[in-house]
Amino acid sequence: MGWLMEDARRWWALTSMIVLLAAGWTWFSRVPVSVAGAGQIPSPREGFPAPDFTLDTLDGATATLSAFRGQVVIVNLWASWCGPCRAEMPAIQELYVANRQRGLAVLAVNGTFQDSQTDARAFAQKYGLTFPILLDRDGAVSRRYLLRALPSTFFVDRRGIIRSVAVGGPMREAVLQTQVESLLQKPP
Amino acid sequence: MFPILQIGLLAIQVPGLALLIGVWLGLSLTEKESARLQMDAEAVYRLAFVGLISGLIGARLAYAARYLSSYVADPLGLFSLNAATLAPGEGMLIGLAAAVIYGARHKLRLRTTLDALAPAFAVMAVAVALAHLSSGDAFGAAARLPWSIYLWDEYRHPSQVYELIAALGVLGVWWRQRGRSPFGGFSSLLVVALSAAARVFLEAFRGDSLVIAGGWRAAQVGGIAVLAVCLGLMNRWNQEVTP
C-alpha cells in the first residue's frame, strides 16, 4: 500500500483500474430490461406480488384478492380475541369509509382456524365494520402470508404489489392514513 | 431466517435486536478507538449519539411533514414504533448535519474523528447483514447452486451470507491495519472504500435491486461513485502529509 501511495501517478493508475473494473462488472451484471420488474413470484414481502386467495365472507359470498386489481387493498389478518386487532379496527373502518370512493378496499381476513365464526360476527357488529370479513377456516391464507403476529397488515398497490407490511399493532390512524395515501395518489 | 425470538410471551424482533447490538458495540469500539487516537472519547461518543438520535427524529419528522394533515389529526402517531413511517434519506442528512454541527462546536478534528468512527461503521455493516439474514430482506437472485438457500418460494443466492462475510472481512481489515495509518482519515476511507467495493460486487447477486435506466443497478452506480471519491481523497490526503 505504501509503495503505491508514494507516487501519485501510480495511485491514479490503480484508481482508474479499480473504477474501470467496477464499471465493467456493473455493466456485465446489469438486469436485462426485459426481466427488470417482471417475473416475480407472489410472496408476502414488500415489492412482491401479493399471493392471491379466495375465501368465504361472513355474509355468505366469496371474495378474491385479484378481483380488486386497480384498487389499493389493505389485507388485514386478525382475530376477535387479539387486543391490538380490537384497538386498530375502528381506525381501519374510519379509513375505509373516508377513502373507498377513491379506490380503497379492505379485506379483513379472520383467522377462523384459531377463532370462531360467531365471535368474528359479533366483533364485526360491535365495531360496525362495513368491509368484507373473510374467513380463513383452514389457516391456508395465514400460512401463505407467513403469519408471525396478529394483527398483520399488508398494503397492496393498484397493480397487486405489496408496498408495505406491518407486523403487530395496533397501528395508529396517522400511520394507516399515510401508508394508504401514498398508494392512492399513484395513478392506476 | 429467524425473524422472531420467542421467549415465553415475549416476541423479540431479531433484526431490530441485531441493529441495537450493532449500535452499542459500534459506539463502544468508537470510544476505545477515540482514546487510542488521543481524542476526547466522550465527545466523539456523544457526536455519534447525537447524529443517530437526530437522524432518527429527523426521519420521523420529515415523514410526518409529507403527510402533515394525517399527523395533525393524530399527533400521537408520531410516536408509533413503525419503521415504515420514516424518511431515511432526509433522516441521514439531518443526522449528518447534527453531527457536523456538534463536531464543529466541540472543535473535533475531522479526519481523526472519522477514523474514530470507522469501527462503528464497520460493525454496523455486520449488524445490518445479520438483520438481513434474520429477516430475509435484501434477498438474492434466483439461482440453483450447491450453496443456494430456499427463500420466498425460490432457490436463491444467499446474498445475506455474502453480505455478512464481506462486512466481517472489512471489519477484519480495519482491525489489522489500525495503528498503522499513513495519514489521518485513512482508516475511515479504507472502511468506506472496501464497503463500497463489496457492494458493487455483491449487488450483482441480489434479487431486489433498484434498477435504473438501461438495467443498471442503482446501488452499484452509487458504490462506484463512493469508491472513486474515497480513492481520490486517499491520494489527496496522503499528498498533504508526504514531503
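Residues numbered from 1 in each chain as written. Chains lettered and ligands numbered in written order. Predicted model: local features only at pLDDT ≥ 70, side-chain atom pairs only at ≥ 80, totals over all residues.

## Looking at the overall build of chain B
Right, on to step 1. When its secondary structure is counted, chain B shows eight helices and four strands.
Right, on to step 2. Element order for chain B, N to C, with α for helix and β for strand: β-β-α-α-α-α-α-β-β-α-α-α.
Right, on to step 3. Dimensions along the principal axes, computed over C-alpha positions, put chain B at roughly 60 × 50 × 45 Å.
Right, on to step 4. Relative to its full complement of 243 residues, chain B shows a buried share of 40%.
Right, on to step 5. The long-range share in chain B, meaning contacts at least 24 apart out of those at least 6 apart in sequence, stands at 68%. (Helix = DSSP H or I, 4+ residues; strand = E, 2+ residues; numbered from the N terminus. Buried ≥ 20, exposed ≤ 12 C-beta atoms within 10 Å, placed from the backbone. Contact = placed C-beta atoms within 7 Å.)

## A word on the overall build of chain A
Right, on to step 1. Looking only at helices and strands, one finds six helices and seven strands in chain A.
Right, on to step 2. Along its sequence from the N terminus, chain A presents helices and strands in the succession α-α-β-β-β-α-β-α-β-α-β-β-α.
Right, on to step 3. In terms of C-alpha radius of gyration, chain A reaches 23 Å, well past the compact-globule figure of 16 Å for 188 residues.
Right, on to step 4. If you line up chain A on its principal axes, its C-alpha atoms span 80 × 35 × 30 Å. (Rg over C-alpha atoms; globule rule 2.2 N^0.38 Å.)

## Some remarks on unusual backbone geometry
Right, on to step 1. One non-glycine residue, Gln 38 of chain B, adopts positive backbone phi at about 60°.
Right, on to step 2. Its location among the elements puts Gln 38 of chain B in the loop between α1 (14-36) and α2 (41-66).

## Describing the interface of chain B and chain A
Right, on to step 1. Each partner contributes to the interface: chain B provides 39 residues, whereas chain A provides 35 residues.
Right, on to step 2. For the side of chain B that touches chain A, the secondary structure elements donating two or more residues are α3 (68-73), α7 (186-202) and α8 (218-241) of chain B.
Right, on to step 3. With ten residues, the single largest contributor to the side of chain B that touches chain A is α8 of chain B.
Right, on to step 4. Of the residues assigned to the side of chain B that touches chain A, the class counts are 21 nonpolar, 13 polar and five charged. (Nonpolar A, V, L, I, M, F, W, Y, C, P; charged D, E, K, R; others polar.)

## Details of the domain arrangement of chain A
By a widely used convention, the size of an interface equals the accessible area lost when the partners come together.
Right, on to step 1. Under the domain assignment, chain A is made up of domain 1 (1-30) and domain 2 (54-184).
Right, on to step 2. The centre of domain 1 of chain A, based on its C-alpha atoms, is set 53 Å off from the matching centre of domain 2 of chain A. (Domains from an automatic or database assignment.)

## Some thoughts on the sheet that holds strand β4 (residues 104-110) of chain A
Residue and element names in this part refer to chain A.
Right, on to step 1. Across the sheet, five strands lie side by side as β5-β4-β3-β6-β7; this open sheet has mixed pairing. Looking along the sheet, the strands with just one partner apiece sit at the ends: β5 (133-135) and β7 (162-167). Each strand axis lies, on average, 20° off the axis of its neighbour in the sheet, ignoring direction.
Right, on to step 2. Pairing of β4 with β5 involves three bridges; the strand directions are parallel. By the bridge assignment for β5, Ala 108 is matched with Ile 133.
Right, on to step 3. Its contacts with the sheet place helix α3 (residues 83-99) against β3 (72-78) and β4, and it is angled at close to 155° to β4. (Pairing = 2+ DSSP bridges. Axes fitted to C-alpha atoms, helices over the stretch in contact; angles between N-to-C directions.)

## Focus on the pairing of β7 of chain A
Successive residues of a regular strand alternate their side chains across the two faces of the sheet.
Residue and element names in this part refer to chain A.
Right, on to step 1. The pairing of strand β6 (residues 152-156) with β7 spans five bridges and is antiparallel. Bridge pairing in β7 places Val 156 opposite Ile 162.
Right, on to step 2. Linking two consecutive strands that pair antiparallel, namely β6 and β7, is a turn of five residues; a positive phi of about 85° is found at Gly 160 within it.

## Brief notes about the packing of α1 of chain B against helix α5 (residues 110-135) of chain B
All names here are of chain B.
Right, on to step 1. At a minimum axis separation of 8 Å, α1 and α5 run at an interaxial angle of 165°. Taken together, α1 and α5 sit at an angle that is classed as roughly antiparallel. Between α1 and α5 the crossing geometry is right-handed.
Right, on to step 2. Considered class by class, the residues forming the contact of α1 with α5 number 18 nonpolar, six polar and one charged. (Parallel < 35°, antiparallel > 145°, perpendicular 65-115°, else oblique. Left-handed = near helix turned anticlockwise from the far one by under 90°.)

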